[in-house]
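Chains, contacts and geometry: an overview
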Protein chains: 2
Amino acid sequence: MLCLQAVLLLVLWAVPESEGGRVLVYPVDGSHWVNMHVLVKELHARGHEVTVLRFSTSWYVKEHSPYYTSITIQQDTPQNLESQEFMAGFLRRSIEIRKKKIPLLSSLGLHLNLFHLLDKDQKAVARAAHTILEDQVLIKRLKEANFDLVLTDPVLPAGVLLAHYLQLPLVLNVRWISSGEGHFAIAPSPLSYIPQLFSHFSDKMDFLQRLQNLFYHALSLYIHQVISNPPFQAVCDRFFPEGVDTLSILLGADLWLMRVDFVFEFPRPTMPNVVYMGGFQCRPAQPLPPELEEFVQSSGEHGVVVMSLGTLLGGLQPQISEIIASAFACLPQKVVWRHLAGRPSTLGNNTLLLDWLPQNDLLGHPKTRAFFTHGGTNGLYEAIYHGVPVVGLPLILDQHDNMVRIEARQAGIVLDVTTLEVDSLTQALKDVLNEQKPYRENMRRLSRLHRDRPIEPLDNALFWLEFVMRNKGAAHLRSESYRMPWYTYHNLDVLALLLSLAAILLLLMSAICRCLFQRLCRKRKVKLQ
Amino acid sequence: MLCLQAVLLLVLWAVPESEGGRVLVYPVDGSHWVNMHVLVKELHARGHEVTVLRFSTSWYVKEHSPYYTSITIQQDTPQNLESQEFMAGFLRRSIEIRKKKIPLLSSLGLHLNLFHLLDKDQKAVARAAHTILEDQVLIKRLKEANFDLVLTDPVLPAGVLLAHYLQLPLVLNVRWISSGEGHFAIAPSPLSYIPQLFSHFSDKMDFLQRLQNLFYHALSLYIHQVISNPPFQAVCDRFFPEGVDTLSILLGADLWLMRVDFVFEFPRPTMPNVVYMGGFQCRPAQPLPPELEEFVQSSGEHGVVVMSLGTLLGGLQPQISEIIASAFACLPQKVVWRHLAGRPSTLGNNTLLLDWLPQNDLLGHPKTRAFFTHGGTNGLYEAIYHGVPVVGLPLILDQHDNMVRIEARQAGIVLDVTTLEVDSLTQALKDVLNEQKPYRENMRRLSRLHRDRPIEPLDNALFWLEFVMRNKGAAHLRSESYRMPWYTYHNLDVLALLLSLAAILLLLMSAICRCLFQRLCRKRKVKLQ
């Protein structure tokens, strides 16, 4: 093992050090920037020059940074994804929809709610793409900068269009879950065992679930075709030759850096130009601030529960916070709770409220026994990395789907925010904390599997980014499928021919049979006469 | 002899290696063993204990080796794949079939010829599997040896069945080309851009080629279902519970070590438990024997052409050797020719005949300018590794398909053995040697891409073999698909329901329409009367 690592290090050293490339980053704002920033920092650390395109209204993407230079595009209104108020409203609506408990209708509602969330953003981002491509001064500046590649997040595909316009190699930083990506843009993905986003299904589906999965897929295709894609297609129609569409540009990407690891994600088909980097942001725990370390140590043999519901808790009803506080008060453990709203009245002495916490360092602390989370991907990868079992209270977007994955591995328990009660929450926390139950050991096993790899995910991602810079793309890893029209891809023209031939043959045979039969009848008649 | 074995065993036991695992290797004989042996040697070098199951008639798999201990199974007749005479006959028949030049019929003939080749072997290997599973002494011995995994080649799936019987993790060493594997056992593989074995198509197919590709696929499925699989299914039926079939056992493999790299293979969908190790046998060139080095150096600025048609040349007609010798005589280069038959009368002074040559070291020699090959995979990977352009004279099996891949990259020229002439061969050699033509530069580019990787393919393969040993399998990388019946996998039950519902709806609507229409008519009639 040590020997192999040494060999690996040698191999990594032996790779000709590129003398600093130039990378143009077109991020998606909001929490997506958190992941992109990890890559930006690492690119900078390895001597590459990073330029980030940002918007004047951006909240997450700062204008000044030691890691990149920025180009700011003037924009009138901020995107919804950046607005905490909007997200709180989105959360409230999502919870109301889920309370109705009719699966198909509920999913329809969630999809439409998401559309409502993204609609304005998509139009704004498509407008921004239009502004950028029309700004000849900016385009000239970008062309003269001689970038080696464009790194972007394709959830809102403005960066994808810009890369195509600049004729630069394209690398995507992506989580494998949205509609088009999985089923068309990347690899053929049978709907019989690959659950659709928002389905809340695992990879083991019964008949009815597979039926619903098909419906969800059709729904997401419809939303993509009729609602999400048109604003970007309009940009294509304006700036590219006829026949160019966003999907074919996306499919033509050189590399997909996927924030996926199969200890977490359900295994599914993939492509040669997909590089997995799930957990790339995880790192060994650093020491805690002294006061926090003191609080954690005071937990004694019982240890600590870490709690964070992400940045959205402001939108939860206070009664839910009260339920959570009451449940915590029943535990012998100490609790560190990232809490943004007012202090719950039922808060126990064992619970410390903080408005920010060093989540990775806390999860990696030897005293930490469990993680109470909303089920965001980054938090779950950190929990897996450090082997901490989780109780999940998924709220919106992919959080429930994420928790289904943890539950399928019996590494955590999922609770329903619409039916949350003190007793059930306390029981879930106690179960996860109980060494006799499988959760803790399963999460440790996932952690061992996750860390057992020939190369660290961030190093792997950077290797392939530099590969694209060194080799001016990675076209040899891209399948022919992206050039084909959908009917050719599915061989529908060939099938149509074969079916036609079969039909003609059938008609001919039935005609011949009828003819023979009639002759036979006639002969008999003649005989009978 | 026994004493020697005992000493060998002692030596193996005496090597203290804390992490040494125990690997049971069930190889396929013939050229397949060459690749397996690379893994066996490396496993041994890393302190693992390797046991190889071999047959008493085996020619390639030796009983005694410093790298493994062997268990010999008594078998009456040697396999065809091991018999040079049989392979020569196979080659002659294949060439005769190809001379007919009717694509579909020719492919049918080639498939049937292959069936003729494999039929006896499949039955023999299935019989061997039966013998092994029935031999309770052997099975007890294998169980008590506490192997960590079974490493096997699934072309003849006896090892796959044995692994299932012993309930051991299963790792496959495989080239991704046979029928079932690509399309069902591994990843969904659209026939619109993934050419079938023996099709001689690239990944860019026109309408007619896609039609033929579908036909070839159906043919290979038929051969698999009706001819190749039944002997092994009989073993399943005898030794496993009802419902277990060879395909589901194959699909349940923990890991697929694939002798594939996408600078050579056309990109296609893959799975998370597929590890690519194409070119894993390649290594930097070692110095040549002094006389050979002297001959090579005597070529001066013109350099050397290396020529080898594998082990099968004995089966070629002498007139083909004469054509080749005449063409070589026209070149200013020196030629090193691996030649097993009699000395051609037209041989030039520039050509050295050898009955064996250090192919990898010659290809890596700075004086080497071109490689004349039958298009075997190993030789082509060596050519890619060392960046030497090729002229290919494919003879049988996958050799033509391999050369199609080289031709698609414009890194070599393919010749047809059924129409070979001195002029065309000389021209092909001169083209490939010509620096103005793209072949040399393209092959150098492939070489750069092939060598630009985060981890050496052999190290990667060994890492994952050891991963399976450490973690008792790699179930988390295996998709759910392998547990599903084919109609569930393709969602056919769901589609049947939806179609039935649509049909009922249609019938209902047409009944209602007819009813309404009849009423309307009746009313009109009443009015008219």
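Residues numbered from 1 in each chain as written. Chains lettered and ligands numbered in written order. Predicted model: local features only at pLDDT ≥ 70, side-chain atom pairs only at ≥ 80, totals over all residues. Heavy atoms only, no water.

All names here are of chain A. An order of 3-2-1-4-5-6-7 is seen for the seven strands of this open sheet, with the pairing classed as parallel. Pairing within the sheet leaves two strands with one partner each, and these edge strands are strand 3 (69-73) and strand 7 (274-276). Averaged over all neighbouring strand pairs, the angle between strand axes comes to 20 degrees, with direction disregarded. The sheet contact formed by strand 4 (residues 149-152) and strand 5 (residues 170-174) spans three bridges and is parallel. (Pairing = 2+ DSSP bridges. Helix = DSSP H or I, 4+ residues; strand = E, 2+ residues; numbered from the N terminus. Axes fitted to C-alpha atoms, helices over the stretch in contact; angles between N-to-C directions.)

Turning our attention to the environment of leucine 397 of chain A. Residues and elements named next belong to chain A. Tracing the backbone shows leucine 397 in the loop between strand 12 (390-392) and helix 14 (399-408). Linking leucine 397 and proline 290, residues 107 residues apart in sequence, is a C-alpha distance of 36 Å. Setting aside anything within four residues of it in sequence, one finds leucine 397 in contact with Met87, Phe90, Leu114, Leu117 and Phe198. (Contact = heavy atoms within 4.5 Å.)

All names here are of chain A. Per the domain assignment, the segments of chain A are domain 1 (14-280 + 456-483) and domain 2 (290-451). Computed over C-alpha atoms, the centres of domain 1 and domain 2 are 29 Å apart. For the pair domain 1 and domain 2, the summed buried surface comes to about 2900 Å²; carbon and sulfur atoms form 60% of the total. It is Arg98, Val263 and Phe264 in domain 1 that bury the most area against domain 2; as a group they hold 26% of the surface buried on that side. For the pair domain 1 and domain 2, the interface holds two salt bridges. Across the contact surface, domain 1 and domain 2 share 13 residue pairs in polar contact (both at pLDDT 80 or more). Residue assignment for the side of domain 1 that touches domain 2 shows that the elements contributing at least two residues are helix 2 (31-45), helix 3 (84-99) and helix 4 (103-134). It is helix 3 that provides the largest number of residues to the side of domain 1 that touches domain 2, a total of 10 residues. Its residues assigned to classes, the side of domain 1 that touches domain 2 shows 19 nonpolar, nine polar and eight charged. (Domains from an automatic or database assignment. Buried area = accessible area lost by both parts, 1.4 Å probe. Salt bridge = Lys/Arg side-chain N within 4 Å of Asp/Glu carboxyl O. Polar contact = N/O pair within 3.5 Å; in protein donor to acceptor, adjacent residues only side chain to side chain. Nonpolar A, V, L, I, M, F, W, Y, C, P; charged D, E, K, R; others polar.)

Bringing the relation of the copies chain B and chain A into the picture now. Overlaying chain B with chain A gives an RMSD of 0.2 Å, the required rotation being 180 degrees about an axis along which the chain moves by 0.1 Å. In short, the pair behaves as if placed about a two-fold rotation axis. Nearest to the rotation axis, the C-alpha of threonine 270 of chain B is located 2.6 Å from it, this being the minimum over chain B. When the interface residues of chain B are mapped onto chain A, 92% of them again lie at the interface, so the same face is used by both copies. (Least-squares fit on C-alpha atoms with pLDDT ≥ 70 in both.)

Once that is clear, we can look at the nonpolar core. With 109 residues, the main nonpolar core has Leu151 and Leu257 of chain A together with Leu162 of chain B as its most contacted residues. Per-element tally for this core: the top contributor is helix 17 (residues 457-471) of chain A, with nine residues. Aside from chain neighbours lying at most four places away, what touches leucine 257 of chain A is Leu39, Leu151, Val171, Leu172, Asn173, Val174, Val275, Met277, Ala461 and Leu465 of chain A. With 108 residues, the next largest nonpolar core counts Ile139, Ala187, Leu250 and Val296 of chain A among its residues. (Core = buried A, V, L, I, M, F, W, Y, C linked by side-chain atoms within 4.5 Å. Buried < 20%, exposed > 50% of the residue type's maximum accessible area, 1.4 Å probe, protein only.)

A separate point is the interface of chain B and chain A. Listed by partner, the interface residues are 49 residues for chain B and 52 residues for chain A. It is Asp452, Pro454 and His476 of chain B in chain B that bury the most area against chain A; as a group they hold 14% of the surface buried on that side. When the shortest N-O distance is used, the salt bridge between glutamate 480 of chain B and lysine 204 of chain A registers 3.6 Å. The tally of links from chain B across to chain A stands at 11 residue pairs in polar contact (both at pLDDT 80 or more). Mapped onto the side of chain B that touches chain A, the elements with two or more residues apiece are helix 8 (207-239), helix 17 (457-471), helix 18 (486-489) and helix 19 (492-528) of chain B. At seven residues, the largest contribution of residues to the side of chain B that touches chain A is made by helix 17 of chain B.

Those places that UniProt annotates as "transmembrane region" (unreviewed entry) correspond, in this numbering, to residues 494-517 of chain A. Helix makes up 100% of residues 494-517 of chain A and strand 0%, and the two end C-alpha atoms of the span are 34 Å apart. (UniProt positions renumbered as here; feature names shortened; annotations may be inferred.)

Bringing the pairing of strand 5 of chain A into the picture now. A regular strand places its side chains on the two faces of the sheet in alternate fashion. Residue and element names in this part refer to chain A. A large share of strand 5 lies buried, amounting to five of its five residues. The pairing of strand 5 with strand 6 (residues 255-258) spans four bridges and is parallel. If you follow valine 171 over to strand 6, its bridge partner there is leucine 255.

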